[in-house]
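# Analysis of the macromolecular model
Here's the letter readout for the chains.
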Amino acid sequence: MDSQKKALLNYCIALGDDSLTLGHRLSEWCRNGPFLEEDLALTNVSLDFIGRARMLYSYAAEVEDQGRGEDDIAYLRDCREYRNFLINELPNGDFAFTMARQLMIDAFDVGFYKGLTQSADEMLAAIAAKAIKESRYHLRRSEDWIKRLGDGTDESHERTQKAFDQLWGYAAEMFEMASDEQQLVDAGIAVDRSALKAEWSSTMHSVLKEATLDIPAQDWAIGGGREGIHTEHLGYLLAELQYLQRTYPGQQW
Amino acid sequence: MVAMSEKTTTDQLFELLSSVTDPEIPVLTLQDLGVLRDISIDDGVINVTITPTYAGCPAMQTMRVDIEKALLKAGHQQFNVKESLSPAWSTDWMTPNGREKLRAYGIAPPLKSSCDQSSGGIECPQCNSSEVKRISEFGSTACKALYQCQRCLEPFDYFKCI
Ligand SMILES: [Zn+2]
């Protein structure tokens, strides 16, 4: 496999991993939502991310052309082979934490997938054209929630502020390019993520300001997801996600 | 195996597949929904192209199987049902007939995707009042949002426009 094809394969898998890990986390809210409508909303957003992961993994399998399918990629890789941003794998915490994370990711995804619709790779552009519509919808919802929570009661304000304080340093790696990503940017296939930070920051500043929340100090940052270095949480997530396929190898739905 | 009649045309196949409905909104056919994009016959093999609505819509698999069943039942043996992502599905593709069927079924049809996404223009499918309130961005499925009519107080699903 030539190096550009290998980079494309890694790229699709990394994007799929972002979607799958977050989709899985959101699915954990099923029957635990604060009220019925919100329970449905969280699980519907979860489905959007899992669907996105399926498209990306299926395409990765096609690029690789070694007989692996989407299920093999999702279920038969261990932590070190997962390439998602760490923010996606963090446990849900309380509802404020889940929505604060969602806002940070949705604001990133809207800029990212908008860029990816222009990809020279037709399949990535097609996947992005679907994803961008969903992400715009997600962003509107997470913005609404953060404004309600931040500008809500003392307790909701305090919990939401605490969530952003705990999450802020996880944003840094969303704007750091992986080692083999630049060649895809040069080929017009990938999005230059380092260029997305300004727009992301401006969205975050305006939403948090309206929500009467403080922008956390940028005094720490953590990364490593794109290199396969994860928090302790991913192993537990994969244990649940992959249990059935590991116990009954080759099971089909 | 039944050889495909020379006379089978794509028009007949469109007619045949127009009986296949959305498993979650059974009043809508796949054609009403804009999911059925193309049918062609190449060397006796029927190629049906469908496009997914939402990326994670669990109904897509069922739609595919229902199409295959309809083709088999009509005696066709050689066919492929493939999914095409591009151009991305839009609720603008829903037919006027489909919109009317949705309304009669109690679901407010999607506005045009150029709409500003606020509640403006959405009408209660029961009493046609435009005094409606959004309850949740998501309803019983990914494609719907939950609203309530302020006049007749009836809660209803709105088919989101994307
Ligand atoms: Zn009404």
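### With respect to the interface of chain A and chain B
Every contact between the two is made by 22 residues of chain A and, on the other side, 24 residues of chain B. Interface area, chain A with chain B, both sides summed: about 2,000 Å², of which 62% is carbon and sulfur. Looking only at chain A, the three residues that lose the most surface to chain B are Lys130, Lys133 and Tyr137 of chain A, adding up to 33% of its buried area. Taken together, the connections running from chain A to chain B amount to two salt bridges. The partner of Arg134 of chain B in a salt bridge is Asp144 of chain A, and the shortest N-O contact between them spans 3.1 Å. One can count seven residue pairs in polar contact (both at pLDDT 80 or more) joining chain A with chain B. Sorting the residues of the side of chain A that touches chain B by element identifies helix H2 (36-64) and helix H6 (122-150) of chain A as the ones contributing at least two each.

### Quick look at the sheet that holds strand E2 (residues 45-50) of chain B
Residues and elements named next belong to chain B. What the three strands build is an open sheet, ordered E1-E2-E3; its pairing is mixed. Each edge of the sheet is formed by a strand with only one pairing partner; in this case those strands are strand E1 (36-42) and strand E3 (79-83). Adjacent strand axes in the sheet meet at a mean angle of 15 degrees, parallel and antiparallel pairs treated alike. Examined bridge by bridge, E2 and E3 share five bridges and lie parallel to one another.

### Notes on the state of the cysteines
In this structure the tally under the stated criterion is zero disulfides over all chains. Not part of a disulfide, Cys57 of chain B finds its nearest cysteine sulfur in Cys143 of chain B, a span of 6.5 Å.

### Structural notes on the coordination of the zinc ion
Each donor-metal-donor angle would ideally measure 109.5 degrees in four-coordinate tetrahedral geometry, or 90 or 180 degrees in six-coordinate octahedral geometry. All names here are of chain B. Coordination of the zinc ion by the protein involves Cys124 (SG), Cys127 (SG), Cys149 (SG) and Cys152 (SG), with metal-donor separations of 2.3 Å. Here the zinc ion is ringed by four donor atoms whose angles at the metal span 105 to 116 degrees, and the overall shape comes out tetrahedral. Take Cys152: its relative accessible area is 34%, and that puts it in the partly exposed class.

### Details of the layout of surface pockets
Looking at the largest pocket, its volume works out to about 1,700 Å³. Around the largest pocket, the lining is made up of 38 residues, and of these Ile50, Arg54, Glu70, Asp71 and Tyr75 of chain A lie nearest the centre. Elements that contribute at least two residues to the lining of the largest pocket include exactly helix H1 (3-27), H2, helix H3 (70-75) and helix H10 (233-247) of chain A together with helix H3 (59-73) of chain B. Among the elements that take part in the lining of the largest pocket, H2 of chain A stands out by supplying ten residues, more than any other. In the lining of the largest pocket, the residues fall into 20 nonpolar, ten polar and eight charged. A volume near 200 Å³ is recorded for the second largest pocket.

Cut-offs applied
- For every chain, the first residue of its written sequence is number 1, and the numbers climb from 1 along that sequence.
- Lettering of chains starts at A and numbering of ligands starts at 1, both following the order in which they are written.
- Under the rules for a predicted model, residues below a pLDDT of 70 receive no local features and side-chain atom pairs below 80 are neither given nor counted, while totals for whole chains, interfaces and linings still include all residues.
- Neither water nor hydrogens contribute to the side-chain values; these are computed over all heavy atoms in the structure.
- Any two residues having at least one pair of non-hydrogen atoms within 4.5 Å are treated as being in contact.
- Summed over both partners, the accessible area (1.4 Å probe) lost when two parts come together is defined as the buried area.
- The rule for a salt bridge is simple: a side-chain nitrogen of Lys or Arg has to be within 4 Å of a carboxyl oxygen of Asp or Glu.
- Any N or O atom pair separated by 3.5 Å or less is treated as a polar contact, with the protein-specific requirement of one donor-capable and one acceptor-capable atom, and with residues adjacent in sequence counted only for side-chain atom pairs.
- In this text, helices come from DSSP runs of H or I with a minimum length of four residues, and strands from runs of E with a minimum of two, each type numbered from the N-terminal end.
- Each pair of strands is called paired provided DSSP finds at least two bridges between the two strands.
- Think of each axis as a best-fit line through the C-alpha atoms, taken over the contacting stretch in the case of a helix, with angles from 0 to 180 degrees between the N-to-C directions.
- In plain terms, two cysteine sulfur atoms within 2.5 Å form what is called a disulfide here.
- For Na, K and Ca the donor cutoff is 3.2 Å, while for all other metals N, O and S atoms count as donors only within 2.8 Å; water does not appear among the atoms, so some sites may look incomplete.
- A site with four donors is called tetrahedral when every donor-metal-donor angle falls between 85 and 135 degrees; four donors are called square planar, and six octahedral, when opposite donors sit more than 155 degrees apart and all other angles fall between 65 and 115; any other arrangement is irregular.
- Relative accessible area decides the class of each residue, using a 1.4 Å probe on protein chains only: under 20% of the type maximum gives buried, over 50% gives exposed, and in between gives partly exposed.
- Every definition here rests on a 1 Å grid over the protein atoms only: cavities are sets of points where a 1.4 Å probe fits but cannot get out, pockets are open sets enclosed by protein on both sides within 12 Å along at least five of seven lines, and lining residues have some atom within 4 Å of a point.
- Grid points are joined across faces, edges and corners, and a volume is the space filled by probe spheres set on the points.
- Classification used: nonpolar for Ala, Val, Leu, Ile, Met, Phe, Trp, Tyr, Cys and Pro, charged for Asp, Glu, Lys and Arg, polar for all others including Gly.

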